[in-house]
Amino acid sequence: MSATTDSTTESKETRLRRYLSQRAEDGEVYIKSKFIADDVELSPKEIGALMVKLRDSAAELEIEKWSYTSATTWRVTRG
């Protein structure tokens, strides 16, 4: 089985939510989609779609699209 197949036991959204909660534990954090994608083994495109979804559904996090340079940067804080 591949790592991708193994990770299906936990949804992509849940994985991303947990990752963002851990990163924002000490306050606000600014993270580029491409670096999040590397850390949670998803594509930057998947990260963008999931971040928009989490922005509306994750009450414990405040997610804001911050800037776009070479990749989208997100500002994440604990709600």
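Given the structure is predicted, the values throughout are model-derived calculations rather than measurements. Counting from 1, residues in each chain are numbered in the order their sequence is written. Given that the model is predicted, a residue must reach a pLDDT of at least 70 before its local features are reported, and side-chain atom pairs must reach 80 or more before they are shown or counted; all residues, however, enter totals for whole chains, interfaces and linings. Think of the side-chain values as coming from all heavy atoms in the structure, minus any hydrogens and water.

Caption draft 1: View of the sheet that holds strand S2 (residues 61-68). Strands qualify as paired when DSSP identifies two bridges or more between them. A run of H or I in DSSP becomes a helix once it reaches four residues, and a run of E becomes a strand once it reaches two; helices and strands are each numbered from the N terminus. As summarised here, the arrangement of the three strands in space is S1-S3-S2, forming an open sheet in which the pairing is antiparallel. Two strands lie at the open edges of the sheet, namely strand S1 (29-32) and S2, each paired on one side alone. Sheet twist, expressed as the average angle between the axes of neighbouring strands with direction ignored, equals 25°. One ladder, built from seven bridges, connects S2 with strand S3 (residues 72-78); its direction is antiparallel. Directly across from Glu64, in S3, lies its bridge partner Arg75. What makes two residues a contact is simply this: any of their non-hydrogen atoms within 4.5 Å. Angular values range over 0 to 180 degrees, each being the angle between N-to-C directions of two axes fitted as lines to C-alpha atoms, with helices fitted over their stretch in contact. Packed onto the sheet, helix H4 (residues 44-57) meets S2 and S3 and runs at close to 30° relative to S3.

Caption draft 2: Region of the structure containing the pattern of salt bridges. In what follows, salt bridge is the name for a side-chain nitrogen of Lys or Arg lying within 4 Å of a carboxyl oxygen of Asp or Glu. All chains considered together, the criterion is met by six salt bridges. The partner of Glu46 in a salt bridge is Lys12, with the nearest N and O atoms 2.5 Å apart. Linking Glu46 in helix H4 with Lys12 in helix H2 (residues 12-23), this pair joins segments that are 34 residues apart in sequence. Relative accessible area serves as the criterion here: at 26%, Glu46 is assigned to the partly exposed category. Any residue under 20% of the maximum accessible area for its type is buried, any over 50% is exposed, and the rest in between are partly exposed; the area is computed with a 1.4 Å probe on protein chains only. Owing to a relative accessible area of 40%, Lys12 belongs among the partly exposed residues under this scheme. For the salt bridge of Arg17 with Glu60, the shortest nitrogen-to-oxygen distance reads 3.5 Å.

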